[in-house]
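# A look at the structure
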Amino acid sequence: MRFSILLASVLVAGSFSVHAGTPQQADGIRRSYEADFKGWVLKLHVAGSDAERKKVAEERPDAAAAAKRMWAAIQPNLAEPWTVEPAAWLLKISAGLVAPGENGMAKPLMGEAAIAIRAAVEKYHLADKNLAPMCLALVAAPDPASLALLEKVERQNPDKKVQGVAALGIAMLLKDLSDEPEVMRRRLTMLKKAIIESSDIEVNGVSVAKLAEDELYIIRFLSKGREAPDLTGTDSGGRPMKLSDYQGKTVVLLFWRSEDEGTEALCEMVKKIRTRFAGKPFEIVGVNRDPQAALRQLQASGTVDWPNFSDPDGKLTGEYRVGVWPLAYVLDGTRKIHYTGAMGSFVELTASAVMSDKK
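Residues numbered from 1 in each chain as written. Predicted model: local features only at pLDDT ≥ 70, side-chain atom pairs only at ≥ 80, totals over all residues. Heavy atoms only, no water.

Under an unreviewed UniProt entry, the name given to the protein is Redoxin domain-containing protein, and the organism recorded is Luteolibacter soli.

### Details of empty space enclosed by the protein
Going through the model one piece at a time under the given rule, you end up with two cavities of 30 Å³ or more. Space inside the largest cavity adds up to approximately 40 Å³. If you go around the largest cavity, the residues you meet are L243, Y246, Q247, G248, K249, V251, L331, D332, G333, T334 and R335. Split into classes, the residues belonging to the lining of the largest cavity amount to four nonpolar, four polar and three charged. (1 Å grid on protein atoms, 1.4 Å probe; cavity = no way out; pocket = protein on both sides within 12 Å on 5 of 7 lines; lining within 4 Å. Points joined across faces, edges and corners; volume = space filled by probe spheres on them. Nonpolar A, V, L, I, M, F, W, Y, C, P; charged D, E, K, R; others polar.)

### So, the layout of surface pockets
Reported here for the second largest pocket is a volume of approximately 490 Å³. Looking at the lining of the second largest pocket, the elements with two or more residues in it are α2 (23-46), α3 (50-57) and α12 (263-276). When residues in the lining of the second largest pocket are grouped by element, the largest group, five residues, is from α12. Among the residues making up the lining of the second largest pocket, the classes are represented as five nonpolar, four polar and ten charged. (Helix = DSSP H or I, 4+ residues; strand = E, 2+ residues; numbered from the N terminus.)

### Remarks on the packing of aromatic side chains
Summed over all chains, the structure comprises nine aromatic pairs. Ring plane angle 75° and centroid distance 5.9 Å describe the contact between Y33 and W89, whose orientation is recorded as edge-to-face. On the criterion of sequence distance, the pair formed by Y33 in helix α2 and W89 in helix α5 (residues 84-94) is long-range, its members being 56 residues apart. The same class applies to Y33 as to W89, namely buried. With centroids separated by 5.6 Å and ring planes inclined at 50°, the aromatic side chains of W256 and W306 adopt a geometry described as tilted. Taken together, the positions of W256 in strand β7 (residues 250-256) and W306 in the loop between α13 (292-300) and β9 (308-310) put the pair 50 residues apart, joining distant regions of the chain. Seen from the ring of Y217, R321 lies directly overhead, with NZ or CZ sitting 3.7 Å from the centre. (Phe/Tyr/Trp six-rings, centres within 6.5 Å; stacked < 30°, edge-to-face > 60°. Buried < 20%, exposed > 50% of the residue type's maximum accessible area, 1.4 Å probe, protein only. Lys NZ or Arg CZ within 6 Å of the ring centre and 35° of its normal.)

### A few points about the sheet that holds β9
Read across the sheet, five strands follow the order β9-β8-β7-β10-β11 without closing on themselves; strand pairing throughout is mixed. Each edge of the open sheet is held by one strand with a lone partner, namely β9 and β11 (337-341). Strand-to-strand twist in this sheet, taken as the mean axis angle between neighbours without regard to direction, amounts to 15°. Along the sheet face, α12 touches β7 and β8 (282-288) and points at about 155° away from the line of β8. Packed on one face of the sheet, α13 meets β7, β8 and β9 and runs near 155° to β9. (Pairing = 2+ DSSP bridges. Axes fitted to C-alpha atoms, helices over the stretch in contact; angles between N-to-C directions. Contact = heavy atoms within 4.5 Å.)

### Topic: α5
Across the eleven residues of α5, nine count as buried, placing the element largely inside the fold. All of the buried residues in α5 are V84, P86, A87, A88, W89, L90, L91, I93 and S94. On the buried face of α5, the contacting elements are α2, α4 (63-74), α6 (111-124) and α7 (132-140). Of the residues one or two after α5, G96 is the one with positive phi, at around 90°.

### Considerations on the nonpolar core
Counting 61 residues, the largest nonpolar core has I74, I117, M134 and L168 as the members making the most contacts within it. Counting residues per element, this core draws most heavily on helix α9 (residues 160-174), which supplies ten residues. If we skip the residues at most four places from it in the chain, L168 touches L136, M190, L191, A194, V208, L211, A212 and E215. With 22 residues, the next largest nonpolar core counts L266, V270, V330 and A351 among its residues. (Core = buried A, V, L, I, M, F, W, Y, C linked by side-chain atoms within 4.5 Å.)

### Some details on the packing of α4 against α5
Direction vectors running N to C along α4 and α5 enclose 155°, while the axes themselves pass 9 Å from each other. In terms of orientation, α4 and α5 fall into the roughly antiparallel class. Note that α4 runs across α5; the crossing there is left-handed. Residues A63, A66, A67, M70, W71 and I74 of α4 lie in contact with α5, whose contacting residues are P86, A87, W89, L90, I93 and S94. When grouped by side-chain class, the residues that make up the contact of α4 with α5 number eleven nonpolar, one polar and no charged. (Parallel < 35°, antiparallel > 145°, perpendicular 65-115°, else oblique. Left-handed = near helix turned anticlockwise from the far one by under 90°.)

Rendered as structure tokens:
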């Protein structure tokens, strides 16, 4: 009897430690996924044929599974300071992942986890000096509650550097709110604070100074109503091309790469939009970050049937300060910006409205 009780106690203790998770377990989940993803990207880029490329694409590491494993590891310990960093990583890799909801509409796959993480940060970690990665993870997983939480961190965290990173996050989220003068002034105020307080802080290998500088550039040159910069480069065959070659046409300028989640669906969406606007002064122009040979394969197989700049070194992408993938700009015939954001129904609606206005 005593042995049975002892055995049960050991099993319960063991199962609890596995369920509850540890900092080492969380770090192992992150390292394993990142190593697998790095290896997968390399295999994707060196695939020798379209068939091989499709096979490799199907072997993409499962971000959803990694996010769920991380959630199982940190969920029972969200009050513990060590969970802040892996929670930020979970928000980042699960951004954009969706699952079918009860009403048939897509919902964020880790939506409940995100709600719990934000609540834990607000309840337990507002004064944490290691919140910088979480501040930018809240930008990667945008939600109205993310902006409110960043505002609390910016006001209440005692560390000026954390306040500065939170201010940067606020400015980045406000970018998607509107281009109204009041919002623009607030963005500039937050960016100024970020530069003053946190310019030397690095998050995911990029300094706050660089991120803030990019945001200021976007305000000056890439906001709605501005004339988008011209691009000059080459296509997948090395032939010269320029964005200004499409002067007079409504253009969807699409920054993308095949390693992103949902590339197949993206390509189908592009084909449908081009079919709908066939015969009209319209074009979708891609800026592709894959190796040039990989882009040629995609075009030769018919997977990609629209013109693309080949930009494997990220030079053209850098000119537009692209930080999220994929990213679409809708430009009118004079390259005036009418929309910036995700590729989807808003792109199609905006392009249609621009062409109607032109008439």
